[in-house]
Structures are given as C-alpha cells and as structure tokens.
Amino acid sequence: RRSSDLAEEKHKELFEELVKRFKVEYHAGGSTQNSVKVAQWMIQTPHRVATFFGCIGTDTFGEILKKKAEEAHVDAHYYEQAEQRTGTCAACITGDNRSLVANLAAANCYSKEKHLDAEEIGRAH
C-alpha cells in the first residue's frame, strides 16, 4: 500500500517524535529541490552550478536542510524566517509499503520581495 498526505494539526509533532524514537535518514528534498539535486549529480563538476531558491525556518530542520544541500553540491539560497518551521516529510517504508506525510510549513512562506530581490542575491547571480 502507498499513501501520501499533507500534514494536519494532528501530525505536527510526528516529525520530532520519529527523530526521538527511530534512527532517521535526512535528505534535502521537495520536488523542485530533488530535481536540482539530480541535475547537479548529472553535471558532477563543477560543483554548485545547479541553483535552488526556497524558504526554511530558523530551526534544527532548517540547519539540516542547508547541510544536506551543501553535501549534494547544490547552490542553495534559503530565505530564513521565524514564523513557520522548516517543511518536512516523514516517510515510513516497510517492505513494498510506503507512507508519506508532508508538512509544507515554511515552504509556503517564500517571499520574492524579501529574498530574490535582495541585493546580495542579485549580486550572486
């Protein structure tokens, strides 16, 4: 059986509970960021030619996401804000069964005006 759901209020603590109870693996993700990671993997070198812009919270999951994007050699530029936590997706895989619960959270908070139009981003590209 395969299922995927957007997180509801009842799921909000699921992500931290999984970290406490199980050995988890972290991967920078989301459909666009996954595509950028694959493009960078295909290019190989030079590193950091595939660029991603997104939004994260100022939290532990945001720090993990930055580290994982760096490990994948992706040129990631995150708009960091404190109103929402970093988006997460919990995947439970047992045999051929897979269940996903996605909490978009900060991913919905991206602001072109506050980030992409910022002076330092414009100079970087």
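Rules of the game
- Residues numbered from 1 in each chain as written.
- Predicted model: local features only at pLDDT ≥ 70, side-chain atom pairs only at ≥ 80, totals over all residues.
- Heavy atoms only, no water.
- 1 Å grid on protein atoms, 1.4 Å probe; cavity = no way out; pocket = protein on both sides within 12 Å on 5 of 7 lines; lining within 4 Å.
- Points joined across faces, edges and corners; volume = space filled by probe spheres on them.
- Nonpolar A, V, L, I, M, F, W, Y, C, P; charged D, E, K, R; others polar.
- Core = buried A, V, L, I, M, F, W, Y, C linked by side-chain atoms within 4.5 Å.
- Buried < 20%, exposed > 50% of the residue type's maximum accessible area, 1.4 Å probe, protein only.
- Helix = DSSP H or I, 4+ residues; strand = E, 2+ residues; numbered from the N terminus.
- Contact = heavy atoms within 4.5 Å.
- Pairing = 2+ DSSP bridges.
- Axes fitted to C-alpha atoms, helices over the stretch in contact; angles between N-to-C directions.

Participant: I'd like to hear about empty space enclosed by the protein, residue by residue, with values.
Facilitator: Over the atoms, a rolling probe the size of a water molecule traces out where space has been left empty. By the definition in use, this model includes 1 cavity of 30 Å³ or more. Its boundaries defined by the atoms lining it, the largest cavity holds a volume of some 50 Å³. For the largest cavity, the full set of lining residues is Lys12, Phe15, Phe61, Arg85, Thr86, Thr88 and Asn103. When the residues that make up the lining of the largest cavity are grouped by side-chain class, the tally is 2 nonpolar, 3 polar and 2 charged.

Participant: Break down the nonpolar core for me, with residues and values.
Facilitator: In terms of nonpolar packing, the biggest core is built from 9 residues, these being Ala28, Val36, Ala50, Phe52, Ile56, Leu65, Ala69, Val74 and Tyr78. Contributing elements (two or more residues each) for this core: strand S2 (51-57) and helix H3 (60-71). With residues up to four places along the chain from it excluded, the contact list for Ile56 reads Gly62, Leu65, Lys66, Tyr78, Tyr79, Glu80, Gln81, Thr86 and Ala106. Judged by nonpolar contacts, the second largest core, of 5 residues, contains Ala7, Phe15, Phe61 and Ala90.

Participant: Account for the sheet that holds strand S4 (residues 88-94), naming residues and giving values.
Facilitator: With mixed pairing, the 3 strands of this open sheet are ordered in space as S1-S5-S4. If you trace the sheet from one side to the other, it starts and ends with strand S1 (2-6) and S4, each paired once. Each strand of the sheet is rotated relative to its neighbour by a mean of 10 degrees, with strand direction disregarded. In terms of strand pairing, S4 meets strand S5 (residues 97-103) through 7 bridges, oriented antiparallel. Along S5, the bridge assignment pairs Cys92 with Ser99. Along the sheet, helix H1 (residues 14-21) makes contact with S4 and S5, crossing S4 at roughly 50 degrees.

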